[in-house]
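# Summary of structural features
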Amino acid sequence: MSQRTVHTLFKPQSVAVIGASNRPQRAGNVLIKNLLAGGFSGPIMPVTPKYHSVMGVLAYPNIEALPLKPDLAIVCTAASKVPAIIETLALFGCKVAIVMASGMADTIAENGISLREQMQRHASRYGMRILGPNSLGMILPHIGLNASLAHTQALTGKIAFVSQSAAICTTVLDWANHKGIGFSSFISLGDAHDIDFDELLDYLGRDPKTHAILLYIDSINERRLFLSAARAASRNKPILVIKSGRSREGADAAQLHTGGLCGNDAVYEAAFRRAGMLRVNDLIELFAAVETLAHSSPLQGERLGIISNGGGPAVLALDQLILSGGKLPALSSEIHQQLDQLLPHSWSGQNPVDIGGDADAARYAQALEIMMNSDNLDAILVLYSPSALGDSLQVAKAVADTIAQHPNRHKINVLTNWSGEDSTYQARKHFAQSGLPTYRTPEGAVGAFMHMVQYRRNQKLLHEVPLSTSDKILNDPEFVRRHLQHALSQQKFILETHESSSLLAAYGLNTIETWFASNAEQAVTLAQQAGYPVALKIQSPDLHHKSDVHGVMLNLASDLEVMQAANAMIHRVVSLDPDAEIQGLIVQKMALTAGAQEIRIAVKNDPVFGPAIFLGEGGSEWDPSQDAAVALPPLNMTLARYMVIQALKTKKLKDRHLPLGLNMEALCILLTQISHLIIDCPEIMSLDLNPVLCAGQSITLLDVNIQLHETVNDNLTRLAISPYPKELEQLATLKNGQVVMLRPILPEDEPKHLAFDHALSDEDRYKRYFGVRSKMTHEEMAVLTQIDYAREMAFIAIAKDPQGEDLTLGAIRGSIDPDNTEAEFAMAVRSDHQGKGLGTLLLKKLIDYYQHNGTLMLTGFTMFENQNMANLAKQLGFSVTFDMDERLIKMQLDLSSLTP
């Protein structure tokens, strides 16, 4: 979405309401009423031929009669009138419209085109953008704009809410008002036919008024744009998402609701996790998460202390914490001693801290102050159960005052749970007014805390440096693709183990020795050659599962056993289906399974997110959506390790502690190899490795099924996440004859890139960062090396040092605006490699990249002291101007004027 247009959506100076009405309960009446009640300071212009004024505001008979071009138009007429209205608005110069009408996608006009498509064609022709159709509208409390059909106003706050469901919008709004929680933006997407999640995330991720983003999603339309925007925004602020359609029936209903594609819920979960978002499962969790985001600071760690006036609630909270993967630290000896002096002898003596059923406001305040002094805690949960010996509200006020006055109030998050209803309602209300998160149950409070923990873990994963596997990952994509394309030319769309062993070996994937026999007699001959014992498998495209006919026989130890097994299998297939095609028999050397573990790995093509990798235990009744951990390619060793941990944690994969069994490094290498295979080979539609035999460092694929696309899409947009663009690697020679590799940066480059940054001289650092700057931290360097190739690019120049290790000599990076109109670059070269032509090579490389990318302009800034950079830019065709006030040199190159 054009960020110029989106600024108009979020900062309109004038509003027109098309279809305004004086009749109560009409959309045009509700809109005008909400706009007036919201306090919008700009012109509100009702458009209707029926009235001279609407609710006291002068009305205009048609769009052409408006005294000025509205920044925002709200169309609340019947669906049949919308396409013509949008065309008129676009011609009049309006750039953004909200369309309320529903059913436009299902209503087909006489020309055979839906009303929604007609509307969109008119808007696109004139560069107009549409929120909706089927939108409830939007509320921007900071500017007093309530351009919605909501039943109430929204309070001003720092949370943005974007939803595909109007009903969820009104539900959340009603709850938030009751809790005193406000919003920076409140947006109903409706059908999201034009303006979509990704475009709003790009804006909200940069919006200083928005500190957190909540999404309600039925379906995703543009997977790569969505994930790219979400990954960028989640680096700066929390994004929580509630996704409907966790069940198959629910997914079908969600598809009917929005008309979007129905994807696998487990793949959605993997996509959210990969983008650094946090998923909540229901509205109760969502409300708890909103409560937390509205009133809490980012967690410094995961250690939770619990204070309670009763053992039962404390145990419930502790159970929820441990079952959710949380951490309960022990009390330090100093804190324990202080609590011992304060509390009755019967206190629990440990965390959770039971301060006694007779605890009053003073005891609560003193215990909390002691706990907040601890260096061993990152958050504290204060529990209160109604008691005749203590006043609920007085205790709440004492707790709130203690927190407000404590010097560690921004370091340690405090959450509260005042259980009960009537007797604790005023206490919870006081916490809300004091800006403290409060929950109705111990479990809800802990669940909210664990949302914070999971978000922190997701962010940590985003910054983790993956291990390099360049010496362990094998791949030969040219050989494999020739093999696959030959199979397609022969109209062969399924490859079994014996047909795929050589191509899998090209990626370092080991299969069991396998032979194909056309009949029982040949199977015996092959078994003799293989050496007993062997396994025998029936080969028939008409079998859904080989187990349906006992089509796999193991440990056959003689010619007679092979002959009998082969004939029996063939007989069972024919008995089941006389017309079944029997292609032959598979003979395999039996694998040594003692002490090893069998698992299953598959790749399936999700209709929303494309190829996804599944890892689990397997079995004939395996349901990947329920029985496997899921990840999206591309994978590196860190992401693969996280996938294995998720599989073990959720019991999708069981570590049976066998003598050999699962080896983390070997399994991660296998998953990374499979990821490379899928990225390199668009011919592969699905891959099923079942079983995979894990024996420590040795992993063998016992049975393989590869399904190929009949029509190959060689475009990498089939992947939800842009993979490493290997095609941009280039060897180049410096003026001194030294050969360097120019290539895109990788996450694995972080340690060497940190060394490169530290190797810059003080003068070069001053020029690069426009002033004195301390050396980069790990977190800062992770942002620079773990880039999204869909929206930014960084090239590095590397050479071998005397020890044969890669050494980074220079780097250049460019960041593109969402419109792809302008990219801004910055460059640095090691002091001892300046003057050798490296800067010229890097800048030319970036120019070629953005010219090929269709970017219009390349811009850079440097300090007056950096005349060498300005001279280089001039040599390559940049216009160079000087800002005397800022003492900056601006370098600009019109890429559209360059010859391709």
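Just above, that's the structure.
Rules used throughout
- Residues numbered from 1 in each chain as written.
- Predicted model: local features only at pLDDT ≥ 70, side-chain atom pairs only at ≥ 80, totals over all residues.
- Heavy atoms only, no water.
- Pairing = 2+ DSSP bridges.
- Helix = DSSP H or I, 4+ residues; strand = E, 2+ residues; numbered from the N terminus.
- Axes fitted to C-alpha atoms, helices over the stretch in contact; angles between N-to-C directions.
- Buried < 20%, exposed > 50% of the residue type's maximum accessible area, 1.4 Å probe, protein only.
- Phe/Tyr/Trp six-rings, centres within 6.5 Å; stacked < 30°, edge-to-face > 60°.
- Lys NZ or Arg CZ within 6 Å of the ring centre and 35° of its normal.
- Core = buried A, V, L, I, M, F, W, Y, C linked by side-chain atoms within 4.5 Å.
- Contact = heavy atoms within 4.5 Å.
- Arc of directions from axis to C-beta.
- Expected span 1.5 Å × (residues − 1).
- Right-handed = clockwise from strand over helix to strand, strands pointing away.

Strand order in the open sheet formed by 4 strands is S21-S24-S22-S23, with antiparallel pairing between adjacent strands. Pairing within the sheet leaves two strands with one partner each, and these edge strands are strand S21 (514-517) and strand S23 (552-556). Neighbour to neighbour, the strand axes of the sheet diverge by 20 degrees on average, direction disregarded. Of the strand pairs in this sheet, strand S22 (residues 534-539) and strand S24 (residues 584-589) are connected by 6 bridges, and their pairing is antiparallel. Within S24, the position partnered with Ala535 by the bridge is Gln588.

This part is about unusual backbone geometry. Residues Tyr532 and Pro533 are joined by a peptide bond in cis, for which omega reads 0 degrees. If you trace the backbone, Pro533 turns up in the loop between helix H19 (520-530) and S22. The phi torsion at Gln25 lies on the positive side, around 75 degrees, for a residue other than glycine. Take Gln25: it is sitting in the loop between strand S1 (15-18) and helix H2 (27-38). Even without being glycine, Gln491 reaches a positive phi, approximately 60 degrees. With respect to the secondary-structure elements, Gln491 resides in the loop between helix H17 (477-489) and strand S20 (494-496). We classify Gln491 as exposed; its relative accessible area is 60%.

Let's shift gears to the packing of aromatic side chains. According to the stated counting rule, one finds 17 aromatic pairs in the structure shown. Seen in terms of ring centroids, Phe10 and Tyr203 are 4.1 Å apart; in terms of plane orientation they differ by 10 degrees. Their pairing is stacked. Residue Phe10 is found in helix H1 (residues 3-10), and its partner Tyr203 is found in helix H6 (residues 197-206); the two are separated by 193 residues along the sequence. For the residue pair Phe10 and Tyr203, the accessibility class agrees, reading buried in each case. An aromatic cluster is defined as three or more aromatic residues linked by ring pairs; in this entry it consists of Phe197, Phe226, Tyr268, Phe272 and Phe609. Sitting above the plane of the Tyr268 ring, Lys243 keeps its charged end 4.4 Å from the centroid.

With 65 residues, the main nonpolar core has Leu215, Phe226 and Phe609 as its most contacted residues. Ranked by residue count, the leading element in this core is helix H9 (residues 265-274), at 6 residues. Those residues in contact with Phe609 that sit more than four places away from it in its chain are Ile220, Arg223, Leu227, Val267, Tyr268, Ala271, Leu632, Arg718 and Ala720. With 46 residues, the next largest nonpolar core counts Leu509, Ala640, Val644 and Leu671 among its residues.

Take helix H28 (residues 867-875) next. Within H28, the full set of buried residues consists of Met869, Ala870, Leu872 and Ala873. Down the axis of H28, the smallest arc covering the buried residues is 160 degrees, so these residues share one side. Exposed and oriented more than 90 degrees from the buried face of H28 are Asn868, Lys874 and Gln875. Those residues of H28 that are buried are in contact with strand S35 (822-829), helix H27 (838-852), strand S36 (857-863), strand S37 (879-883) and strand S38 (888-894).

Attention now moves to helix H20 (residues 559-576). Look at H20: 26 Å from first C-alpha to last across 18 residues, which is about the 26 Å you get at 1.5 Å a residue. Considered for burial, the residues of H20 that qualify are Val562, Ala565, Ala566, Met569 and Val573. Mapping the buried residues of H20 onto a view down its axis gives an arc of 100 degrees, with all of them on the same face. Exposed residues lying more than 90 degrees from the buried face of H20 are Leu560, His571 and Ser575. Against H19, S22, S23 and S24 lie the buried residues of H20.

What follows concerns the pairing of strand S10 (residues 156-163). The buried fraction of S10 amounts to 6 of the 8 residues, a majority that puts the element mostly inside the structure. Crossover handedness for the path S10 to helix H5 (residues 166-179) to strand S11 (residues 183-188): right-handed. Bridge analysis of S10 against strand S12 (residues 212-217) gives 5 bridges, and the strand direction is parallel. In the strand pairing of S12, Ser163 is matched with Tyr216.

Next up on the list: the pairing of strand S15 (residues 304-308). Of all 5 residues in S15, 5 are buried; the element is thus mostly enclosed. In S15, alternate side chains face the same way, and those of Leu304, Ile306 and Ser308 on one face and Gly305 and Ile307 on the other are all buried. As paired elements, S15 and strand S17 (residues 379-384) share 4 bridges and run parallel to each other. Bridging from a neighbouring strand, Ile307 pairs with Val382 of S17.

In space, the 8 strands of this open sheet follow the order S31-S32-S33-S34-S35-S36-S38-S37, with mixed pairing throughout. Whereas interior strands pair on both sides, the edge strands pair on one side only; in this sheet they are strand S31 (730-733) and S37. Along the sheet, successive strands turn relative to each other by an average axial angle of 25 degrees, direction set aside. Judged from the 9 bridges that link them, strand S33 (residues 792-800) and strand S34 (residues 806-816) form a sheet pairing that is antiparallel. Within S34, the residue paired with Lys800 across the bridge is Asp806. Along the sheet face, H27 touches S31, strand S32 (739-744), S33, S34, S35, S36 and S38 and points at about 35 degrees away from the line of S34. Strands S35, S36, S37 and S38 of the sheet are contacted by H28, whose axis makes an angle of about 15 degrees with S38.

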